[in-house]
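# A look at the structure
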Amino acid sequence: MITSFIPPQRTLMGPGPSDVHPRILEALGRPTIGHLDPAFIGMMDEVKTLLQYAFQTENALTLPVSAPGSAGMEACFVNLIEPGDKVIVCVNGVFGTRMIENVTRSGGEAIRVDDAWGQPVDANKVEAALKANPDAKILAFVHAETSTGVESDAAALCALAKAHDCLVIMDTVTGLAGVPVKVDEWGADAVYSGTQKCLSCTPGISPVTFSERAAETIRNRKTPVQSWFLDMNLVMGYWGPGAKRAYHHTAPINALYGLHESLVMLQEEGLEASFARHKAMHEKLRDGLAEIGIGYLVDEAHRLPQLNAVMIPQGVDDATARGRLLNEFNLEIGAGLGDFAGKVWRIGLMGYSAREENVQLCLDALRAVIK
Ligand SMILES: Cc1ncc(COP(=O)(O)O)c(C=O)c1O
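Notes on the structure follow. Keep in mind that this is a model prediction, so the values were computed, not measured.

## As for the side chain of Asn 92
You can see Asn 92 is positioned in the loop between β3 (86-91) and α4 (94-105). From its side chain, Asn 92 meets the backbone oxygen of Gln 119 in a polar contact 2.9 Å long. If near-sequence neighbours (up to four positions away) are discounted, Asn 92 is found in contact with Asp 115, Ala 116, Trp 117, Gly 118, Gln 119, Pro 120, Val 121, Glu 145, Thr 148, Val 150 and Ser 152.

## Some remarks on the pairing of strand β4 (residues 109-114)
If a strand is regular, its side chains alternate between the two faces of the sheet. Bridging between β3 and β4 involves six bridges; their strand directions are parallel. Bridging across to β4, Val 87 finds its partner in Ala 110. For the segment spanning β3, α4 and β4, crossover handedness is right-handed.

## With respect to the site of the ligand
In the region of the ligand, the neighbouring residues are Pro 68, Gly 69, Ser 70, Phe 95, Ala 144, Thr 146, Asp 171, Val 173, Thr 174, Gln 196 and Lys 197. Contacts to the ligand include Asp 171, whose side-chain N or O atom sits 2.6 Å from a nitrogen atom. Across the complex, the protein chains shield 86% of the 380 Å² of accessible surface that the ligand would expose by itself. The class makeup of the residues in the shell around the ligand is four nonpolar, five polar and two charged.

## Concerning the sheet that holds strand β11 (residues 307-311)
On the basis of which strands lie adjacent, the open sheet formed by four strands has the order β1-β12-β13-β11 and mixed pairing. Only two strands of the sheet have a single partner each, and these edge strands are β1 (11-13) and β11. Each strand axis lies, on average, 35 degrees off the axis of its neighbour in the sheet, ignoring direction.

## Overview of the packing of helix α5 (residues 123-132) against helix α6 (residues 154-163)
At a minimum axis distance of 10 Å, the contact between α5 and α6 shows a crossing angle of 15 degrees. On the basis of their axis angle, the class for α5 and α6 is roughly parallel. Both α5 and α6 take part in a crossing whose hand is right-handed. Counting all contacts with α5, which are made through Ala 123, Val 126, Glu 127 and Leu 130, the residues of α6 involved are Leu 157, Leu 160 and Ala 161. For the contact of α5 with α6, a count of residues per class yields six nonpolar, no polar and one charged.

## Let's talk about the layout of surface pockets
Vacant regions in the atomic arrangement are exposed by a probe of water-molecule size rolled over the atoms. Its boundaries defined by the atoms lining it, the largest pocket holds a volume of some 390 Å³. Looking at the largest pocket, it is lined by 16 residues, and the ones nearest its centre are Gln 9, Arg 10, Leu 12, Asp 19 and Val 20. Secondary structure elements with two or more residues in the lining of the largest pocket: β1 and α1 (22-28). The residue makeup of the lining of the largest pocket, split by class, is nine nonpolar, four polar and three charged.

## As for the sheet that holds β3
The strand order across the open sheet built from seven strands is β2-β10-β9-β8-β5-β3-β4, with neighbouring strands paired in mixed fashion. Both outer strands of the open sheet, β2 (61-65) and β4, are each paired with one neighbouring strand and no more. Strand after strand, the sheet turns through a mean of 15 degrees between neighbouring axes, direction not considered. Bridge analysis of β3 against strand β5 (residues 138-142) gives three bridges, and the strand direction is parallel. Bridge pairing links Val 89 to Ala 140 in β5. In the packing of α4 onto the sheet, contacts are made with β3, β4, β5, β8 (167-171) and β9 (190-192), and the angle to β3 comes to roughly 165 degrees.

## A closer look at unusual backbone geometry
Each neighbour pair has its own omega, and for Gly 16 with Pro 17 the value is 0 degrees, a cis peptide bond. Structurally, Pro 17 can be placed in the loop between β1 and α1. The backbone of Ser 200 sits at a positive phi, close to 55 degrees, despite the residue not being glycine. Its place among the elements puts Ser 200 in the loop between β9 and β10 (206-210). By relative accessible area, Ser 200 is classed as buried at 8%.

## Description of the environment of Glu 269
Following the sequence through the fold, Glu 269 ends up in helix α10 (residues 253-269). If we skip the residues at most four places from it in the chain, Glu 269 touches Ser 274 and Arg 277. There is a polar contact of 2.7 Å between the side chain of Glu 269 and the side chain of Arg 277.

## Some details on the pattern of salt bridges
Enumeration over the complete set of coordinates arrives at 24 salt bridges. Of the charged contacts in the structure, one is a salt bridge between Lys 279 and Glu 283, with a shortest N-O distance of 3.1 Å. Residue Lys 279 and its partner Glu 283 are both found in helix α11 (residues 271-291); the two are separated by four residues, about one turn of the helix. The class for Lys 279 is partly exposed, based on a relative accessible area of 48%. Asp 287 serves as the salt-bridge partner of Arg 286, at 3.0 Å between the closest nitrogen and oxygen. A residue is classified by how much of its surface remains accessible, and Arg 286, at 21% relative accessible area, is partly exposed. Each of Arg 23, Glu 26, Arg 30, Glu 261 and Glu 268 takes part in a single network of salt bridges with overlapping partners.

## Remarks on the packing of aromatic side chains
Overall, the coordinates contain one aromatic pair when judged by the stated rule. Plain terms: the ring middles of Tyr 238 and Trp 239 are 6.0 Å apart, the flat faces sit at 75 degrees to each other, and that makes the pair edge-to-face. We classify Tyr 238 as buried; its relative accessible area is 0%. When the ring centre of Tyr 296 is taken as reference, the NZ or CZ atom of Arg 303 above it lies at 4.1 Å. Here the basic side chain of Arg 355 rests over the ring of Tyr 352, its NZ or CZ set 3.7 Å away from the ring centre.

Conventions and cut-offs
Residues numbered from 1 in each chain as written. Predicted model: local features only at pLDDT ≥ 70, side-chain atom pairs only at ≥ 80, totals over all residues. Heavy atoms only, no water. Helix = DSSP H or I, 4+ residues; strand = E, 2+ residues; numbered from the N terminus. Polar contact = N/O pair within 3.5 Å; in protein donor to acceptor, adjacent residues only side chain to side chain. Contact = heavy atoms within 4.5 Å. Pairing = 2+ DSSP bridges. Right-handed = clockwise from strand over helix to strand, strands pointing away. Near = heavy atom within 4 Å. Areas by Shrake-Rupley, 256 points an atom, 1.4 Å probe, with all protein chains shown as cover. Nonpolar A, V, L, I, M, F, W, Y, C, P; charged D, E, K, R; others polar. Axes fitted to C-alpha atoms, helices over the stretch in contact; angles between N-to-C directions. Parallel < 35°, antiparallel > 145°, perpendicular 65-115°, else oblique. Left-handed = near helix turned anticlockwise from the far one by under 90°. 1 Å grid on protein atoms, 1.4 Å probe; cavity = no way out; pocket = protein on both sides within 12 Å on 5 of 7 lines; lining within 4 Å. Points joined across faces, edges and corners; volume = space filled by probe spheres on them. Buried < 20%, exposed > 50% of the residue type's maximum accessible area, 1.4 Å probe, protein only. Salt bridge = Lys/Arg side-chain N within 4 Å of Asp/Glu carboxyl O. Phe/Tyr/Trp six-rings, centres within 6.5 Å; stacked < 30°, edge-to-face > 60°. Lys NZ or Arg CZ within 6 Å of the ring centre and 35° of its normal.

What follows is the structure in structure tokens.
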């Protein structure tokens, strides 16, 4: 007979999910209530307010999509793109390539701006693409590339898009709460994130925010959004500002308790303190790694503190070493992707994983397996 599943107790220091804080795990187990219960609706409003804080925005259309980061990504693309729309897409890692897929599957035309993996998006190339395509409607880029640990200059890219009258779609699944994400100051129009990275929550929900300009674009579409589930015109009836909270889909009630708790914790810590903690843990890890001869893939200026892409030392077999970390130390770190497979490890210091004990465990365990 199949019995209950009891997972092993791991320390999660890969590219996500990160360790979930016990307070959040406790919140997930609270009694399920109806998704139209007035008490639940009050909590939904708090989640929206707390997400506005995390995204540093006053956007009324700020909400958690009831599905993982990929759904937040899709929500941004399918709602803003109509058939034939031109979208300039910056590709400097895995998640940029997924943006291309989203554009073409939404009936748009993708203009691709490539940068080497491990490098940030080059604003000069983006400017050239904007000049060469004056009819482009949207600029899309990944703020925090999880596949390489690179942060791109979101403020500069948003400013370029504004100067060329383009909307901005920005992926900050790995960025939110780990490094500053200034949605209003930068002028990003459609932004999506995930719960399982620096928010220390369980996977499966995607916080999104749309500027008024984006919301108006969605309201004034000539063609229906090709996805019924992600059509913000419909979702707004449940989550939207002033909505009557009419049934659209059954919200993942307990998962939203978890998100609420994680956002309350973020507010208690404060955004600036959260950024500072991620940076401090990154520096501690970086210094410890240097002592055992492990260096970084990405230049210091463009490194994400929460995603450390590091070079696997010569003579160390990737799969064997990660297998030992998991089996002997219950420690998960991430493999390299694409050309970096077998050459790079991705060490996550996200949310609750960004703490002293984790850094120490990681350094001790790595020292033992690369000996
Ligand atoms: C930058 C980025 N975008 C999108 C996603 C997709 O999120 P999810 O796996 O929650 O669907 C991820 C997940 O790792 C990511 O790192």
